[in-house]
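Geometric and topological summary
Here is what each chain is made of, one letter per residue.
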Amino acid sequence: QVQLVESGGGLVQAGGSLRLSCAASGRTFSNYAMGWFRQAPGKEREFVAAISWSGGNTYYADSVKGRFTISRDNAKNTVYLQMNSLKPEDTAVYYCAAALRLEIVSYEYDYWGQGTQVTVSS
């Protein structure tokens, strides 16, 4: 089992920045690729970003490329999502997840956090 706890969400104006953190416990964090997903009201959960176990490979959704950066610190068992130039359409609950391979589809992820709300005002 891997337990994941997100933090860092909040309310921010358009154009602002937030950094989300996801702290992991349980099984060896460095064995897992990590991903961030988000779900807006009335919409399906969508992929945001993912990072390999070593941090050497990353994927991003087109909608966030150039604005968001995913990173990880295996010594701290934590993955981060730096979000810059935020837009109202980025408003959603953001979830981190763990998978044995670097994936962009949610069904490949085995463990999920409880989510953190990000609200971007216009």
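As the structure is a computational prediction, the values presented were derived from the model and not from experiment.

Below, the discussion takes up unusual backbone geometry. One non-glycine residue with positive phi stands out, namely Asn77, at about 55 degrees. You can see Asn77 is positioned in the loop between β7 (68-73) and β8 (78-83).

With respect to topology, 4 strands assemble into an open sheet ordered β1-β3-β8-β7, the strand pairing being antiparallel. Because the sheet does not close on itself, it has two edges, and the strands there are β1 (2-7) and β7. Across this sheet, the average inter-strand angle for adjacent strands is 15 degrees, counted without regard to direction. With 6 bridges connecting them, strand β3 (residues 18-26) and β8 associate as antiparallel partners. Looking across to β8, one finds that Ala23 is bridged to Thr78.

Now for the packing of aromatic side chains. If you walk through the whole model with that rule in mind, you get 6 aromatic pairs. With 5.0 Å between their ring centres and 55 degrees between their planes, Phe37 and Trp112 make a pair best called tilted. A residue pair is termed long-range when its members are at least 10 positions apart, and Phe37 in strand β4 (residues 33-39) and Trp112 in strand β10 (residues 111-112) qualify at 75 residues. Between the aromatic rings of Tyr95 and Trp112, the centroid separation amounts to 6.5 Å while the plane-to-plane angle is 75 degrees, which identifies the pairing as edge-to-face. Here Tyr95 is found in strand β9 (residues 92-99), whereas its partner Trp112 is found in strand β10, with 17 residues between them in sequence. Classification of Tyr95 by relative accessible area gives buried; the value is 13%.

In this structure, Ser85 sits in the loop between β8 and β9. Residues Ser85 and Gly10, 75 residues apart in the sequence, show an inter-C-alpha distance of 15 Å. Setting aside anything within four residues of it in sequence, one finds Ser85 in contact with Gly15, Gly16, Ser17, Arg67 and Asp90.

On to the nonpolar core. If you look at soluble globular proteins, the nonpolar side chains tend to sit buried side by side. One finds Leu4, Met34, Trp36, Leu81, Met83 and Tyr94 to be the most contacted residues of the largest nonpolar core, which totals 36 residues. Here the element with the most residues in this core is β9; it accounts for 6 residues. In this structure Tyr94 touches Glu6, Leu20, Trp36, Phe37, Arg38, Val48, Phe68, Leu81, Met83, Gly115, Thr116 and Val118, once residues within four positions along its chain are discounted.

What counts as what
- Residues numbered from 1 in each chain as written.
- Predicted model: local features only at pLDDT ≥ 70, side-chain atom pairs only at ≥ 80, totals over all residues.
- Heavy atoms only, no water.
- Helix = DSSP H or I, 4+ residues; strand = E, 2+ residues; numbered from the N terminus.
- Pairing = 2+ DSSP bridges.
- Axes fitted to C-alpha atoms, helices over the stretch in contact; angles between N-to-C directions.
- Phe/Tyr/Trp six-rings, centres within 6.5 Å; stacked < 30°, edge-to-face > 60°.
- Buried < 20%, exposed > 50% of the residue type's maximum accessible area, 1.4 Å probe, protein only.
- Contact = heavy atoms within 4.5 Å.
- Core = buried A, V, L, I, M, F, W, Y, C linked by side-chain atoms within 4.5 Å.

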